[in-house]
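The lines below spell out each chain.
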Amino acid sequence: MDKHSYLSNGDTSALDAIYQQYLSDPASVDAGWARFFEGFELARTEFNALPGVKHAVGGGDSEHLRKEFKVLDLIVGYRARGHFFTHTNPVRERRKYEPTLAVENFGLSTADLDTVFEAGNEIGIGAAKLRDIIAMLEQTYCNNIGVEFRHIRQPEKAKWLEQRMEKVRNTPEFSLEEKKEFLFKLNQAVVFEKFLGKKFIGQKRFSIEGVECLIPALDWIIEHGAKAHDVKDVVIGMAHRGRLNVLANTLNKTYESIFTEFEGKDYEDALVEGDVKYHMGYNSRVKTESGKEVTLTLSPNPSHLESVGPVVQGMARAIIERHHGFDFRKAVPVIIHGDAAIAGQGVVYELVQMAGLKAYTTGGTVHIVTNNQVGFTTNYIDGRTSIYCTDVGKVTQCPIFHVNADDVEAVAYVMQLALDYRQEFGTDVFIDLLGYRRHGHNEGDEPKFTQPVLYKAISKHPDPREIYKEKLLASGTIEAGLAKEMEQQYQDMLQARLDEAKQIEKSKITPFLAHRWVGFERPDISAFDESPATGVAKKTLKAIGAKLTEIPEGKKFFSKLERILQDRARMMEEEKLDWGMAELLAFGSVAMDGKPMRLTGQDVERGTFSHRHAVVKVEDSEEEYMHLAHLSKDQGLVEIYNSLLSEYAVMGFEYGYAFYEPEALQIWEAQFGDFVNGAQIILDQYLCAAEEKWNAMNGLVLLLPHGYEGQGAEHSSARMERFLSTAADGNMQLVNCTTPANYFHVLRRQLARNFRRPLVVFTPKSLLRHPKCVSSLDDLAKGRFQEVIDDASADPKKVTTVVLCQGKIYYELLEKQQELGAEDTAIVRVEQLHPLPDKQLAAVLKKYSNSTRTLWVQEEPANMGAWMYMQMNFTEHPVLSAYKLQRISRKASGAPATGSSVRWAMQQKSIIEEAFTDRVVGKDGKSTKSKARA
């Protein structure tokens, strides 16, 4: 609320008393009052002599003084509520809001309209008649632009907006050449859609018709950003509506390639399944009118609205770090939303809350809503409770601009103002482009079924190009033939490109970030047969270990933390490492190789299970210290951040970062693996499918704590069965390591090959401190990741049962094996589930030629875990099918685990005992239990 707004209810005598006090001694009153009364005195001396003018300022006239304050309240009212009374809706009347901005609602009357008020100085027009003050406020706040900014709590931001908007009355002035450029871009937007509708009748294209101003809007962001702010990168995310137009007329994707996609031709690359044309990404470099070059990147997206938002943010952050030295002003993320989606999709709220966090900030995002006033068939009044679809922007005190999408000059002005604000204050801005949707949800849909009144109005409404053309003609800005000439030339060019497209035999999907992936190749499945060497020289490991365990001079840590550092130093001396130490050495070795390394997620700095302590606090302070950032002056960038309590948006962000940065070890860790399903859309639509759909590799690593330890249904399972059900042809790597060394090597392997695939690591909990889950320093210094670990203690001649397993249950099976002295049983660990190391497995199983049973033992229920995946692979494999794989597990269940620790213990004991119980296999392949071994 404005600092003067309470004054309208002030006591008249009190106001007069303050004024009289000011007249006696100006220094005796508050500085704000002094400035105000100084203005009254100026008005009284300079304006009272003017003939025919009534003045509110008279010597000591407290009634006139009260009216001044009421005019100030009126000004505040327009600033705060003017957006309710704008002309921003191009196709229907706006809803009515009370109270209005009528002068009577501010204690004034029409009799005051010709009175001159000093309050006009507040809006920069000097002392003025009330009617002139109102006219200025109407033009500024209630015309084709509405602005919400009074919720912003930083006065300097609100004042910046006030001054910028009131100075020009939110009424832009553009040069003749700029106006012609707007017409040119509108011509492209309108004619392109009409051409597609005519040439590809009935095909879905999700046209931009109704919000064609988006094309000149984006053009103006790029032009103004480059010229005024030296912006080098613009990273765009959007859903399907209008995407083809943006690809063609903003990013300059060739028209013939788009037309080829409409023709539905097969792809050149047999390994690519492809995607619909309005999901594809693109990257280009454009030269602006000012002569500066800007790189434009449009991220591919699925049909899951708003999922691309965090992906774009991650890409933008990677660009800012990689190319611009953390100068956030050089790269601008632009996210284009639909009105129904921005209000209805929860990931938007997560994304907005990330905007100001040091782990995820990109210096502010330009959010543009292409507001169709309908979602599929749902009316806007049924699609949200909030007044505006953009109200989420108020959560983080962002300015919100509402603009009539039929007014291209107002749209361009708002884009410029919003971008200037973003560059000045480094925060998000929201722009609500109020338009409509010319057709139904898609071009074959009939919208009059559900919005008959609205679509009757839309059918008669001219497009923005026609509106702007008539405006320019009426003002004499252009000649009558210019618009027609523009249209014909563009039509002819499109037809020529279509003719060329018809000659193209197959479509090609080029990786949208090909320039960032030079030297990387899509692998054949045989590339996974054996891992590359990933050992690190012992001398280097010891040097890293010394840095990781030191207490910096002048700093004191919490006593327990100092003991942890001492224990780690002892591990390095004894060369016996636990999980946490091996992990830190992997991170450190990547950094020492000069590669960036980034880890985020909930509680990752310490680690959910207090095993990592990668970022520590200096005792009795909030100062943080990260040993991994102080290894060497030439090391790679290391970033480790605790995230907000989000899976969906945070994983999407890290996935986007990895899209752009193939050379980084990019990791997201779940607090518990069970919570990864909060990001299921990112997993399904991006992680496992992006390369097949969009020909785009990604090397994101997921760490998912997994293991049945009596903690209930929500703290036991990372749902590996879901990952395995979508695993095919090496689209991702799924591992469950049982030794610190193997974990060390699989992390390093991620950067050691000339390709990238997502890596999902099902990480341990109890094994973090298990006395047998240790590795020697030599294990890290030599060798490579082992996809299969054979039973080193087994004598193949004595083995009659081979137990295959993965994860922590190995140690429980090992304990039982040693307890029983079961020399007839070999326990083989399948460390990599996908791609399944079939050749290695076949070689191991062949070694045990006397074996009569092959078991798959898991602690997950029968319908979960890896059982069904293993069964399918054994059954269909030409060699492995010879081994009749049998299952030992918990029974099938809807919930992953029991909530009873007692029942859990009984189930776990049963599984382990059953693995060492003799079985006889009948003719039907089913096994029946006989007696347990002594």
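Residues numbered from 1 in each chain as written. Predicted model: local features only at pLDDT ≥ 70, side-chain atom pairs only at ≥ 80, totals over all residues. Heavy atoms only, no water.

I'd like a description of the nonpolar core, backed by residues and values.
In this structure, F259, I368, I431 and L433 are the most contacted members of the largest nonpolar core, which totals 108 residues. The biggest single contributor to this core is helix α14 (residues 408-425), with eleven residues. Dropping the residues within four chain positions of it, I368 is found in contact with L214, L218, I221, V334, I335, I336, H337, M415, I431 and L433. (Core = buried A, V, L, I, M, F, W, Y, C linked by side-chain atoms within 4.5 Å. Buried < 20%, exposed > 50% of the residue type's maximum accessible area, 1.4 Å probe, protein only. Helix = DSSP H or I, 4+ residues; strand = E, 2+ residues; numbered from the N terminus. Contact = heavy atoms within 4.5 Å.)

For the confidence of the model for the protein chain, give the residues involved together with the corresponding values.
Mean pLDDT over the protein chain: 92, with 94% of residues reaching 70 or higher. When the criterion is pLDDT under 50, residues 49-53 qualifies, and its contacts beyond four places in sequence or with other chains add up to one contact. Here residues 56-60 is a poorly scored stretch, pLDDT under 50, and it has 18 contacts once near neighbours within four places are set aside; other chains count. (pLDDT = per-residue confidence, 0-100.)

Requested: an account of the sheet that holds strand β27 (residues 832-834), with residues and values cited.
If you trace the seven strands from one edge of the open sheet to the other, you get β18-β15-β19-β20-β22-β21-β27, paired in mixed fashion. Only two strands of the sheet have a single neighbouring strand rather than two, namely β18 (638-642) and β27. Averaged over all adjacent pairs, the angle separating strand axes in this sheet is 20°, with direction ignored. Taken together, the two bridges between strand β21 (residues 733-735) and β27 define a ladder with antiparallel strand orientation. In the strand pairing of β27, L734 is matched with H834. Against the sheet, helix α21 (residues 648-660) makes contact with β15 (597-601), β18, β19 (665-669) and β20 (701-705), and its axis sits at roughly 170° relative to β19, the strand it touches most. Those strands touched by helix α25 (residues 740-749) are β19, β20, β21, β22 (759-763) and β27, and its axis lies near 170° from that of β21. (Pairing = 2+ DSSP bridges. Axes fitted to C-alpha atoms, helices over the stretch in contact; angles between N-to-C directions.)

Hey, could you go over the packing of aromatic side chains for me, with residue numbers and the actual values?
Evaluation of the coordinates by the stated rule reveals 30 aromatic pairs. Consider the rings of F84 and Y388, whose centres lie 6.3 Å apart with planes at 10°: the pair is stacked. Here the residue F84 occupies a position in the loop between α3 (62-81) and β2 (115-117), and Y388 occupies one in the loop between α13 (380-383) and β12 (400-404), the gap between them amounting to 304 residues. Using a relative accessible area of 14% as the deciding quantity, one classes F84 as buried. Using a relative accessible area of 7% as the deciding quantity, one classes Y388 as buried. Aromatic ring contacts, followed pair by pair, group F192, F195, F200, Y255, F259, F262 and Y490 into a single cluster. Between the NZ or CZ atom of K277 and the centre of the ring of F262, over which it lies, the distance is 4.5 Å. Lying across the ring of Y810, R829 places its NZ or CZ 3.9 Å from the centre. (Phe/Tyr/Trp six-rings, centres within 6.5 Å; stacked < 30°, edge-to-face > 60°. Lys NZ or Arg CZ within 6 Å of the ring centre and 35° of its normal.)

Describe the sheet that holds strand β13 (residues 429-434), naming the residues involved and giving the relevant values.
One key point about sheets: their strands pair by backbone hydrogen bonds, in either a parallel or an antiparallel sense. On the basis of which strands lie adjacent, the open sheet formed by eight strands has the order β4-β12-β13-β9-β8-β5-β7-β6 and mixed pairing. Edge positions in the sheet fall to β4 (145-148) and β6 (282-287), since each has one partner strand and no second. Sheet twist, expressed as the average angle between the axes of neighbouring strands with direction ignored, equals 20°. Here β6 runs beside strand β7 (residues 293-298); their pairing, made up of six bridges, is antiparallel. Within the sheet, the bridge partner assigned to N283 lies in β7 and is T297.

So what's going on with helix α27 (residues 809-820)? Which residues, and what values?
Compared with the 16 Å implied by 1.5 Å per residue over twelve residues, the 17 Å span of α27 between its first and last C-alpha is a close match. Looking at α27, one finds that the buried residues are I809, Y810, Y811, L813, L814, K816 and Q817. Contacts from the buried residues of α27 go to β25 (801-805), β26 (825-830), β28 (853-861) and α30 (901-915). A positive backbone phi angle near 60° is found at G821, which sits one or two residues after α27. (Expected span 1.5 Å × (residues − 1).)

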